[in-house]
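Remarks on the overall topology
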Amino acid sequence: MSVKCGIVGLPNVGKSTLFNCISSAKAEAANFPFCTINPQIGSTAVPDKRLETLVEMVHPRNVVPATVEIVDIAGLVKGASRGEGLGNQFLANIRETDAILHVLRCFDDPNIAHVDGSVDPVRDKEVIDTELQLKDLETVENRLAKVGKQAKMGADKEAQKLCNVLEQYKAVLERGENARSVVFDNKEDIKLAKSLFLLTAKPVMYVCNVDEASAATGNAYVDAVREAVKDEGAEILVLAAKIESDIAEMESYDDKMMFLQDLGLKESGIVRLVQSAYRLLGLQTYFTQGEPEVRAWTFKKGDKAPQAAGVIHSDFEKGFIRAEVIKFEDFVKYGSESACRAAGKLATEGKEYVVQDGDIMHFLFNV
């Protein structure tokens, strides 16, 4: 499955600098509002030492890591839902993302202007929340206007179900709450809710952009953010986008690690961001391996073998017969698929097998 995250935030909080760090693209980053005037799309490989180990062992002709796609839009401002600024024009570009990366400025710098005149990440968060909620409310009200009449007539059961979902969202949005606070238990309701692509229904990660001195420990601004979002079930990531930008320019791995150690960090913020995004979305990785190709595949935690096979191709899921599974640790211990098979470490699993993070899979199917 393809993972896509959308970056939001006020102007001049470090969105485009962060985007440049985690993406192969290069968005313009400058010290004035609305520098980003077009949506930027890029992607980054998901760092995974297990994939590197498999490559060293198998020596494939091709290597395909899992990837995360990043969408950066213009900074939002107060009144964006009414057309203020430029960000509102591009909200549609992040409607179909899987998660929101909400960048918050958590550093002081008199040389970098703040659109509201002072640094206050909690206030900034509330501004963005409000604008996204108002945009979602507009979406909900427009859909209700279209399906409401059909539902009232009583003949269209699907319209009635959708209206029920929309009404629940409308109630929380009108109270100034995010749509993600509504929890559906019914599978049909969950599917209908997902089809609306509401911005505030998406999982969110708050990215606290700090100065170099706060990269390892955070600061008072970060503490305030933690307190403000403690009940949201969100991921919080602390990184210094400017420092990450410097690290991204380094070609030597050793130089990067030495630089991180000097800052008191074990891993770059970008590695931690991708890992946090996977946790936020409940994602895991399985592998396929062979001389032609070693590849990492992303699946939802809890998926059974047929659903995981469907990540490769829908035919794999439709015609699923069985899966051959080797645990990553066993593959490393015995050194090859044939050795694992000889040692009885290759298991044959059926449709009820719950795929585990790090499994090495081979699917048999017939369509």
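Reference entry: report on the structure contained in this document. (Residues numbered from 1 in each chain as written. Predicted model: local features only at pLDDT ≥ 70, side-chain atom pairs only at ≥ 80, totals over all residues. Heavy atoms only, no water.)

**Notes on the overall build of the protein**
- If you tally the helices and strands in the protein, you get 13 helices and twelve strands.
- Counting the 367 residues in the protein, one finds 48% classified as buried.
- If you take every contact in the protein between residues at least 6 apart in sequence, the share linking residues at least 24 apart comes to 68%.
- Only carbon and sulfur atoms are counted for the fraction: they give 49% of the accessible area of the protein, which is about 18100 Å². (Helix = DSSP H or I, 4+ residues; strand = E, 2+ residues; numbered from the N terminus. Buried < 20%, exposed > 50% of the residue type's maximum accessible area, 1.4 Å probe, protein only. Contact = heavy atoms within 4.5 Å. Areas by Shrake-Rupley, 256 points an atom, 1.4 Å probe, with all protein chains shown as cover.)

**Points about the packing of helix α4 (residues 157-174) against helix α5 (residues 187-195)**
- One way to put it is that α4 packs onto α5 with a least axis distance of 10 Å and a crossing angle of 70°. Considered as vectors, α4 and α5 are oriented roughly perpendicular to each other. As α4 runs across α5, the sense of the crossing is right-handed. Counting all contacts with α4, which are made through Glu-158, Lys-161, Leu-162, Asn-164, Val-165 and Tyr-169, the residues of α5 involved are Glu-188, Asp-189, Leu-192 and Ala-193.
- For the contact of α4 with α5, the class distribution of residues is five nonpolar, one polar and four charged. (Axes fitted to C-alpha atoms, helices over the stretch in contact; angles between N-to-C directions. Parallel < 35°, antiparallel > 145°, perpendicular 65-115°, else oblique. Left-handed = near helix turned anticlockwise from the far one by under 90°. Nonpolar A, V, L, I, M, F, W, Y, C, P; charged D, E, K, R; others polar.)

**Concerning the packing of aromatic side chains**
- A complete count under the given rule lists six aromatic pairs for this structure.
- On the numbers, 5.8 Å between centres and 80° between planes, the contact of Tyr-286 with Phe-363 is edge-to-face. One end of the pair, Tyr-286, is in strand β8 (residues 283-288); the other, Phe-363, is in strand β12 (residues 360-365), with 77 residues separating them in the sequence. Each member of the pair, Tyr-286 as well as Phe-363, carries the same accessibility label: buried.
- In this structure an aromatic cluster arises from ring pairing among Tyr-286, Phe-299, Phe-320 and Phe-363.
- The positively charged end of Arg-105 is found above the aromatic ring belonging to Phe-107, 4.5 Å away from the centroid. (Phe/Tyr/Trp six-rings, centres within 6.5 Å; stacked < 30°, edge-to-face > 60°. Lys NZ or Arg CZ within 6 Å of the ring centre and 35° of its normal.)

**Some points on the environment of Gly-310**
- Among the structural elements, Gly-310 can be located in helix α10 (residues 305-310).
- Those residues in contact with Gly-310 that lie beyond four places of it in its chain are Phe-316 and Glu-317.

**Concerning the pattern of salt bridges**
- Per the stated rule, a full pass over the model turns up 21 salt bridges.
- Here Asp-72 ties to Lys-15 by a salt bridge, and the two come within 3.1 Å at their closest N and O atoms. With a gap of 57 residues between them, Asp-72 in strand β4 (residues 67-72) and Lys-15 in helix α1 (residues 15-22) connect regions that are remote in the sequence.
- Assessed through its relative accessible area of 0%, Asp-72 is described here as buried.
- Through salt bridges with shared partners, a single ionic network connects Asp-48, Arg-50 and Asp-357. (Salt bridge = Lys/Arg side-chain N within 4 Å of Asp/Glu carboxyl O.)

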